[in-house]
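# Understanding the architecture of this molecule
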Amino acid sequence: MDSDAIIVGAGLAGLAAACELADAGRRVLVLDQEPEASLGGQAFWSFGGLFLVDSPEQRRMGVRDSRDLALQDWMATAGFDRAEDHWPRKWAEAYVDWAAGEKRAWLRAMGIRFFPVVGWAERGGYVASGPGNSVPRFHVTWGTGPGVLEPFVRRARAHEAAGRLSFRFRHRVDALTTTNGVVDGVRGAVLAPSGVARGESSTREVVGEFALRAGAVVVASGGIGGNHDLVRAHWPARLGAPPDRMLSGVPAHVDGRMLAIAEDAGARVVNRDRMWHYTEGLHNWDPVWPQHGIRILPGPSSLWVDATGRRLPAPLFPGFDTLGTLAHIRGTGHDHTWFVLTQRIIEKEFTLSGSEQNPDLTGRNVRLVLKRVLPGAPAPVAAFQERGSDFVHARTLAALVDGMNALAGAPLVDRATLEAEVVARDRELDNPFGKDAQWHAIARARTYRGDRLIRVARPHRLLDPAAGPLIAVRLSIVTRKTLGGLETDLEGRALAADGRPIPGLWAAGEAAGFGGGGVHGYRALEGTFLGGCLFSGRAAGRSAAAAV
């Protein structure tokens, strides 16, 4: 044996598993096809949101939460309805118990801290038994994604210095090896050294081969979001035809290769058609990887219209139901939609997802964070307004429509249609009553002081000149997360088609659907992807350590 355990993938799930194995005194090899600059994988680029239940941060903001309410929300949101959902259900119950229990204390013991204002993502907008978060649960890590990674990288480097762990970058696994039905190693290609920066595409030139053996192999290689061919191949019919044009919310190396490789070794992939793609994507004016898309994390006030200017139906408001909105958009026959808003709204409500788009939180700079409550758009948002290709600014609605059609390259937006939508929306402000569900949602949101402070603008008419200029933002679909994956039991052991664990093989993170082959079901409550990597990586690492 070359090692006690081999981890395939040096992202957050792989690091969590590796640290658990090394903590137990096991010798660990961590392989990754990318250069060392990309250590930590996708987690580095994330906003650092973590799903916690009944936390001190929630209670300080006046939020009353409970394990039962969170589980109710999770199950309603997931919509489990298949035989393959047996293990995902069990993972969901275990994850909610963890989020309501030791998760926060475990993270704090490693030095992780949270921004005091808890965010309210995926608000749902349906009935109590429908999808969505009933209360704010999105805890932003102080330091965003790099802040989540930091303690795991530190632990791994300490084990590396002690001789218990070794990283082998530019090692691409092409097959799992088996002996008498037991997975006992990997083989693959050594790729040419690459000096590209984190997230940039690296060469696939092969300069050698390798074969390594170990008592345990953990697949933690991520999903398929960077491989648009695979995304389209598994696109579910229930969402209509796959888009002709998509942006990528993840680097190109998130290619899904290891899913098929694990299948060849007997593992079972379930729920391939469940995916989590965002509908509020912008073309990054300063891209790192091909087709680099940045997601807007919107407040609830923008008017969301389709490519022709028709308003999206309730409750498909900004920040309410990602999957429902995606299904509606695919039914329109177009790949893009629009936010119509004012400068006042963009200054208060627009946040961009990603560590690099939030230098104040990522850099733990209190002085910069305090500027979020001051007038003016955050600097990264202002940069997109000035340099991005998806923004139209105008003083009149007629000029705005002309700009939208020029940007779309066709006269798709009908001025009369959009004007009727805007005027009807604005007219609802004439009295404190009204029937517009979005206005009621905005009023409800402003009762939460976190939203009122930094996330939801004071209600005003879009056509109020004092709130201008008018802004239209073209939104594209941006690929992000794979919700299905390798089926695993609660120990992270990969399962065969007959439901029995495959000796020697574990899976964690996005490659395992964040647990069980799809812990989120059809929809995610947000803040659950990084946490899913941590929870499943920890479980797989502990189980593998006990087995070797």
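Above this text sits the structure in question.
Presented here is an overview of the structure given in this document. Just so we're clear, the structure is a prediction, and the values are computed from it rather than from any experiment. (Residues numbered from 1 in each chain as written. Predicted model: local features only at pLDDT ≥ 70, side-chain atom pairs only at ≥ 80, totals over all residues. Heavy atoms only, no water.)

Looking now at the pairing of strand β20 (residues 501-507). Most of β20 is tucked away: 5 of the 7 residues are buried. Relative to β20, strand β19 (residues 493-495) is paired through 2 bridges, and the arrangement is antiparallel. Of the residues in β20, the one forming a bridge with Leu495 is Pro501. Connecting β19 to the antiparallel partner β20 that follows it, the hairpin turn spans 5 residues, and Gly499 within it adopts a positive phi of roughly 90°. (Buried < 20%, exposed > 50% of the residue type's maximum accessible area, 1.4 Å probe, protein only. Helix = DSSP H or I, 4+ residues; strand = E, 2+ residues; numbered from the N terminus. Pairing = 2+ DSSP bridges.)

We now examine the pairing of strand β2 (residues 28-32). Taking burial as the measure, the 5 residues of β2 include 5 buried ones, the bulk of the element. Covered by surrounding structure in β2 are Val28, Val30 and Asp32 together with Leu29 and Leu31, the residues of both alternating faces. Note that the unit made of strand β1 (residues 3-8), helix α1 (residues 12-23) and β2 has a crossover that is right-handed. Bridge analysis of β2 against strand β5 (residues 165-169) gives 5 bridges, and the strand direction is parallel. For Leu29, the partnering residue across the bridge sits in β5 and is Ser166. (Right-handed = clockwise from strand over helix to strand, strands pointing away.)

Within the element layout of this structure, Asn271 appears in the loop between β10 (269-270) and β11 (275-283). Beyond its immediate chain neighbours, meaning those up to four positions away, Asn271 contacts Arg82, Glu84, Asp85, Pro88, Gly484, Gly517 and Gly518. (Contact = heavy atoms within 4.5 Å.)

Turning our attention to unusual backbone geometry. Between Ala314 and Pro315 the backbone carries a cis peptide bond, its omega angle lying at 0°. Counting through the fold element by element, Pro315 comes out in the loop between β13 (303-305) and α9 (322-330). At the junction of Gly468 and Pro469, the peptide bond is cis and its omega measures out at 10° in the coordinates. Among the secondary structure elements, Pro469 is positioned in the loop between α17 (449-454) and β17 (470-482). In this model, Arg170 sits at a positive phi of 60°, which is unusual for a non-glycine residue. The topology assignment puts Arg170 in the loop between β5 and β6 (171-179). Relative accessible area serves as the criterion here: at 6%, Arg170 is assigned to the buried category. One non-glycine residue, Phe514, adopts positive backbone phi at about 65°. Counting through the fold element by element, Phe514 comes out in the loop between β20 and α18 (529-547).

Inspection of the secondary structure puts Lys481 in strand β17. Buried charge Lys481 goes without a salt bridge, the closest partner of opposite sign being Glu510 at 4.0 Å. Within the structure, Lys481 has its side chain in polar contact with the side chain of Gln42 (distance 3.3 Å). Residues within four places of Lys481 in sequence aside, it is in contact with Gln42, Met275, Trp276, His277, Glu510, Phe514 and Phe529. (Lys, Arg positive; Asp, Glu negative; His and termini not counted. Salt bridge = Lys/Arg side-chain N within 4 Å of Asp/Glu carboxyl O. Polar contact = N/O pair within 3.5 Å; in protein donor to acceptor, adjacent residues only side chain to side chain.)

Scanning the entire structure with this criterion turns up 39 salt bridges. Across the pair Asp426 and Arg425 runs a salt bridge, and its minimum N-O distance is 3.0 Å. Like Arg425, Asp426 is buried.

Next up on the list: helix α15 (residues 415-427). With 13 residues, α15 should cover 18 Å at 1.5 Å per step; its first-to-last C-alpha distance of 18 Å lies within 8% of that length. Looking at α15, one finds that the buried residues are Leu418, Val422, Arg425 and Asp426. The buried residues of α15 all sit within an arc of 95° when viewed along its axis, so they share a single face. Turned more than 90 degrees from where α15 packs its buried face, Ala416 and Arg427 sit exposed. At its buried positions, α15 is contacted by β13, β14 (336-342), α14 (397-408) and α16 (437-445). (Expected span 1.5 Å × (residues − 1). Arc of directions from axis to C-beta.)

Our next topic: the nonpolar core. Ranked by internal contacts, the top residues of the largest apolar core, which has 106 residues, are Ile6, Leu12, Trp74, Leu176, Val186, Leu505 and Leu534. Apart from residues lying up to four places away in sequence, Leu12 is in contact with Gly40, Ala43, Val148, Leu149, Phe152, Leu530, Cys533 and Leu534. Grouped together as the second largest cluster of nonpolar side chains are 35 residues, Phe339, Leu352, Phe384 and Val401 included. (Core = buried A, V, L, I, M, F, W, Y, C linked by side-chain atoms within 4.5 Å.)

So, about the environment of Leu12. Residue position: Leu12 is located in helix α1. On the basis of relative accessibility, which here comes to 3%, the residue Leu12 falls in the buried class. The spatial distance from the C-alpha of Leu12 to the C-alpha of Val153 is 8.8 Å, given a sequence separation of 141 residues.

We now examine the layout of surface pockets. Here the second largest pocket is characterised by a volume of approximately 600 Å³. In terms of lining, the second largest pocket is formed by 24 residues, of which the most central are Trp120, Asn133, Ser134, Val135 and Arg444. With 3 residues, α16 is the single largest residue contributor to the lining of the second largest pocket. Of the residues assigned to the lining of the second largest pocket, the class counts are 13 nonpolar, 7 polar and 4 charged. (1 Å grid on protein atoms, 1.4 Å probe; cavity = no way out; pocket = protein on both sides within 12 Å on 5 of 7 lines; lining within 4 Å. Points joined across faces, edges and corners; volume = space filled by probe spheres on them. Nonpolar A, V, L, I, M, F, W, Y, C, P; charged D, E, K, R; others polar.)

Shape descriptors only; they carry no functional weight alone.
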